Amino acid sequence: MSKTKTTLLCFLLTAVILMNPSSSTPTDNYIYAVCSPAKFSPGSGYETNLNSLLSSFVSSTVQIRYANFTVPNKKPEPGVTVYGVFQCRGDLDPTACSTCVSRANAQIGTLCSNSYSGFLMMDSCLVQYDNSSFFGVQDKTLRLNKCGQAMEFNDQDGLTRISDVIGSLGSGSQPYRTGGNGNVQGVAQCMGDLSTAQCQDCLSDAIGRLKSDCGMAQGGYVYLSKCYARFSVAGSHARQTPNYEGEKKDSKDDDNGVGKTLAIIIGIVTLIILLVVFLAFLGKQCRKLQDEKWCK
Ligand SMILES: *[C@@H]1O[C@H](CO)[C@@H](O)[C@H](O)[C@H]1NC(C)=O
Ligand SMILES: *[C@@H]1O[C@H](CO)[C@@H](O)[C@H](O)[C@H]1NC(C)=O
């Protein structure tokens, strides 16, 4: 009987380990994805246009790091015309850009299967499509932000370097910016369809938020719909950068937090129950052995 129990326990533990979503999945390279809940019907004209849009992404990345597409490229037909962009991080060479966009294409097809609109942010590129034009439209909606572990409280130099790097991302007119000071590295980028003023406006929001939320942390990122800013601190023992693996991993981290709290509560409750049982037992024994000195 006890052998059966042990076997069952082992089986359950194995099942839990196997089901752990942190084991590598084909989607572990993306940072976040947003898909419209509204779906088109398979075999529709929209689907045909979407497929041709995604294949134009791949055939054009050899030349450039950003491009917008409208399919079909004539008078817009609501419900059928698809608008899309891809963009690579500003320092990517054409081969790396092409590789990233191909991977993003494959993933958005799975993640946003049949969705009217989709957005997929990877570490070094993004792809986006929609059934209405979003080119040149400002959108500062917060998509994702996260800070790494706190800096050592007395590391003034480190905090100064972080402040320098975040600050340097805020100046300049380029849509792609990098900053560095010692072991601190920062990157910021706008979507290629924003004007210089729109880009600055978007980055001001992202950088302001990064500074106020993560200025004391060993890394962090803020992703708005049309721009992002992030930084990391290298060479520290603690986890340097927040995880860039997307919403799934993030929510799992939260689950772990809840799990820990739950475990602590269960532990305390169990301890109290054991104490009550023990005291009751002691009382019973005492009543039984009332003659004995130590109970009087
Ligand atoms: C895009 O798709 C949504 C969801 O089906 C629909 O409500 C909207 O009218 C569409 N927009 C255009 C321009 O076709
Ligand atoms: C879209 O792409 C065309 C040509 O590739 C370009 O001329 C145009 O400025 C782009 N539009 C925006 C808003 O970026």
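Residues numbered from 1 in each chain as written. Chains lettered and ligands numbered in written order. Predicted model: local features only at pLDDT ≥ 70, side-chain atom pairs only at ≥ 80, totals over all residues.

## Thoughts on the overall build of the protein chain
Quick note on the threshold: In DSSP terms, a helix is any run of H or I states spanning at least four residues, a strand is any run of E spanning at least two, and both are numbered starting from the N terminus. Each residue is classed by its C-beta neighbour count within 10 Å, where at least 20 other C-beta atoms makes it buried, 12 or fewer makes it exposed, and intermediate counts make it partly exposed; the C-beta atoms are placed from backbone geometry. For the purpose of contact definition, each residue receives a C-beta atom placed from its backbone, and two residues are in contact when these atoms lie within 7 Å.
A tally of helices and strands in the protein chain yields six helices and ten strands. Every one of the 296 residues in the protein chain was classed for burial, and the buried ones make up 30%. The long-range fraction of contacts in the protein chain, counting pairs at least 24 apart against all pairs at least 6 apart in sequence, stands at 64%.

## Section: the sheet that holds strand 5 (residues 125–130)
Convention followed: Two strands pair if DSSP finds at least two bridges between them. Between N-to-C directions, angles cover 0 to 180 degrees, with each direction set by a line fitted to C-alpha atoms, over the stretch in contact for helices.
Pairing is antiparallel across the open sheet formed by five strands, whose spatial order is 1-4-5-3-2. Each having just a single partner strand, strand 1 (30–35) and strand 2 (66–71) make up the two edges of the open sheet. Here the average twist between neighbouring strands, direction ignored, is 5 degrees. Judged from the six bridges that link them, strand 2 and strand 3 (residues 82–88) form a sheet pairing that is antiparallel. When the sheet's bridge partners are listed, Ala 67 is paired in strand 3 with Phe 86. Where helix 3 (residues 94–111) meets the sheet, its contacts fall on strand 1, strand 3, strand 4 (118–122) and strand 5, and the angle it forms with strand 5 comes to roughly 45 degrees.

## Details of the site of ligand 2
This is how it is decided: Being near a molecule or strand means, for a residue, that its C-beta atom, positioned from the backbone, comes within 6 Å of it. The residue classification treats Ala, Val, Leu, Ile, Met, Phe, Trp, Tyr, Cys and Pro as nonpolar and Asp, Glu, Lys and Arg as charged. All others, Gly included, are polar.
Ala 67, Asn 68, Phe 135, Gly 136 and Asp 193 make up every residue found near ligand 2. Among the residues making up the shell around ligand 2, the classes are represented as two nonpolar, two polar and one charged.

## Considering unusual backbone geometry
With omega at -5 degrees, the peptide bond leading from Val 71 into Pro 72 counts as cis. As for its placement among the helices and strands, Pro 72 is situated in the loop between strand 2 and strand 3. At Asn 114, a residue that is not glycine, the phi angle is positive and equals roughly 65 degrees. For Asn 114, a count of 17 C-beta atoms within 10 Å translates into the label partly exposed.

## Here's the deal with the site of ligand 1
Lining the immediate surroundings of ligand 1 are Ala 38, Pro 78, Gly 79, Tyr 116, Asn 131 and Ser 132. Among the residues forming the shell around ligand 1, the class breakdown is three nonpolar, three polar and no charged.

## A closer look at the sheet that holds strand 10 (residues 227–233)
Read across the sheet, five strands follow the order 6-9-10-8-7 without closing on themselves; strand pairing throughout is antiparallel. Only two strands of the sheet have a single neighbouring strand rather than two, namely strand 6 (142–147) and strand 7 (176–181). Averaged over all pairs of adjacent strands, the angle between strand axes in this sheet comes to 5 degrees, irrespective of strand direction. Sheet topology places strand 6 next to strand 9 (residues 219–224); five bridges connect them, and they run antiparallel. Residue pairing for strand 9: Cys 147 is matched across the bridge by Gly 220. On the sheet, helix 4 (residues 156–169) packs against strand 7, strand 8 (184–190) and strand 10 and is oriented at approximately 160 degrees with respect to strand 7.

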